[in-house]
Amino acid sequence: MSGENINPYDDICSQLKICTTQLGMNPGIHEILISPKVIHTVSLPLEMDNGEIKVFTGYRVQHNDARGPYKGGIRYHHEVSMDEVKALAMAMTWKCAVINIPYGGAKGGIVCDTKELSIGEKEHLTRRYTAAISQFIGPYRDVPAPDMYTDAQTMAWIMDTYSVMQGYSVPEVVTGKPIELGGSEGRTEATGRGTAICLRECARSLNMTLKDATVVVQGFGNVGVHAAMTLSSMGCRIIGLSDSRGGIFNTEGLDPSKVLGHKIETGSVLGYPGSEELTNEETLELECDFLVPAALGHQIHEKNAGNIKARVIVEGANGPTTTEADEILSRNGVFLVPDILANSGGVMVSYLEWVQNINRQHWSLTDVNQQLESKLVTAYKNVWDMKEKMDLNMRGAALSMGVSRVANAIQQLGLFP
Ligand code: NAD
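Source: prediction; values computed, not measured.

Asks: So what exactly am I meant to see when it comes to the nonpolar core here?
Replies: Inside soluble globular proteins, nonpolar side chains tend to come together where they are buried. Core analysis: the biggest nonpolar cluster contains 83 residues, and L33, W94, L241, F290, V337 and L341 have the highest contact counts within it. The element best represented in this core is helix α14 (residues 394-413), accounting for ten residues. Composition of this core by domain shows at least three residues from each of domain 1 (36-170) and domain 2 (190-342). The residues touching V337, leaving out its near neighbours within four places in the chain, are C198, C202, I313, V314, E315, A342 and Y380. Counting residues in each nonpolar core, the second largest holds 21 residues, with L44, M48, M155 and V173 among its members.

Asks: Even after reading the chapter, I still don't get the sheet that holds strand β1 (residues 38-47), so can you show me in this structure?
Replies: Each strand in a sheet pairs with its neighbour through backbone hydrogen bonds, running either in the same direction (parallel) or in the opposite one (antiparallel). If you walk across this open sheet you meet the five strands as β1-β2-β4-β3-β5, and the pairing is mixed. Two strands bound the open sheet, and with one partner strand each, they are β1 and β5 (142-146). On average, each strand axis in the sheet is tilted by 20 degrees relative to the strand beside it, whichever way the strands run. By the bridge criterion, five bridges tie strand β3 (residues 70-77) to β5 in an arrangement that is parallel. Residue pairing for β5: G72 is matched across the bridge by P144. Along the sheet face, helix α4 (residues 119-133) touches β1, β2 (53-64), β3 and β4 (105-111) and points at about 140 degrees away from the line of β1.

Asks: Honestly, the packing of helix α6 (residues 187-205) against helix α13 (residues 365-390) in this entry has me stumped. Any pointers?
Replies: Angle between the axes and distance between the axes are the two parameters that describe a pair of packed helices. Between α6 and α13, the least distance of the axes is 10 Å, while the angle of their chain directions is 45 degrees. Of the possible angle classes, the one that applies to α6 and α13 is oblique. Every pair of crossing elements has a handedness; the one defined by α6 and α13 is right-handed. Touching E189, A190, R193, G194, I197, C198, R200, E201, C202 and S205 of α6 are L365, N369, L372, E373, L376, V377, Y380 and W384, all from α13. Its residues assigned to classes, the contact of α6 with α13 shows ten nonpolar, three polar and five charged.

The rules behind each value
- Residues numbered from 1 in each chain as written.
- Predicted model: local features only at pLDDT ≥ 70, side-chain atom pairs only at ≥ 80, totals over all residues.
- Heavy atoms only, no water.
- Core = buried A, V, L, I, M, F, W, Y, C linked by side-chain atoms within 4.5 Å.
- Buried < 20%, exposed > 50% of the residue type's maximum accessible area, 1.4 Å probe, protein only.
- Helix = DSSP H or I, 4+ residues; strand = E, 2+ residues; numbered from the N terminus.
- Domains from an automatic or database assignment.
- Contact = heavy atoms within 4.5 Å.
- Pairing = 2+ DSSP bridges.
- Axes fitted to C-alpha atoms, helices over the stretch in contact; angles between N-to-C directions.
- Parallel < 35°, antiparallel > 145°, perpendicular 65-115°, else oblique.
- Left-handed = near helix turned anticlockwise from the far one by under 90°.
- Nonpolar A, V, L, I, M, F, W, Y, C, P; charged D, E, K, R; others polar.

Interpretation note: all reported values are geometric properties and have no functional meaning in isolation.
Next comes the structure, spelled out in structure tokens:
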């Protein structure tokens, strides 16, 4: 799933190679880090509403659990591939370590186009997938969460299916659930909110002001909507927004909540009154202070990186920038806050949800947001300090921090037998 034909797993492995070489890591530990611990591929037969039988493919990749149970989202998209899921699972391992929560990394996906499924078909597919992976997930084993084209409702179906199979209610098997089922206050907004907090910390560290800073957000879904709304409340001017159908632009600023209302009504950001329409490429290349990619992977690649005019990129999406693009952006002086830091707010609040579920508690939004704020400010500062100390860029620093924490855990556990 990418703007360019780049294998996402090869890309993340080459980032890991650079990192472990810089850290002077034992090649054996590098081998462990590069290899996903368990890979599941499941075949999912489904009777469609018209009586036809279709077979879908689902994946769950469990990359590493040295620091705690596997954790990671489930994505529904027609371009989901095993290599993409492997890459995303590995990124989750580093992300949980950077934000310093006791989880490993996993990811799942089903190859499907949700726009072509009825709500009933989506529910049955989700339940069949859950049944197929039920023996590999669990509150202390592997805890799924939402990702692209999955949401709180999808998590409710997973919780219900898993609970029926266990014979009792197990809310802590998934995070990102509806509040009524044990979901956490603030979880839906957490990833976008966290991206906005990282952007604010970045502005502070670069002596940029947020008041009237211009922002473009690519992808107006869960992450993009909440990033845009939080940034708008921080004083930023959102000049560009996009979704899968194209982008909109207004130099005076767009009101994200009104654009959301328009999208709910019409199905797209396009046609929002008073805005100019752009292609997705043009939206990415707008002149702005901050660009927040919050859609698919590999949107900024070798061919368009040179056209990016943003001063700073804050990666709300997972893997939106290829390694080649990183080098071009860095040469052009574009500062970048990497995904494993910038979108870690989601897994952070997922962790808080899991802790609440295990302890049969429900915390207030203020408590949740305070913990999110404090964890992210600390993580940003730690990565910034690492960057200064090791003379790396932010991606290199975040990766070094995550990878070395996981490597230390592996070494302390030792090798069985
Ligand atoms: P979502 O399904 O809620 O929204 C995705 C949005 O991207 C939709 O508005 C869609 O129209 C848009 N989109 C699709 N293709 C596009 C394109 N080519 N150009 C512009 N927009 C396009 O998904 P989400 O949960 O917001 O996830 C977005 C990204 O954030 C993904 O990379 C995901 O892995 C990452 N992420 C999500 C979470 C989370 O908690 N949801 C956490 C961490 C990272």
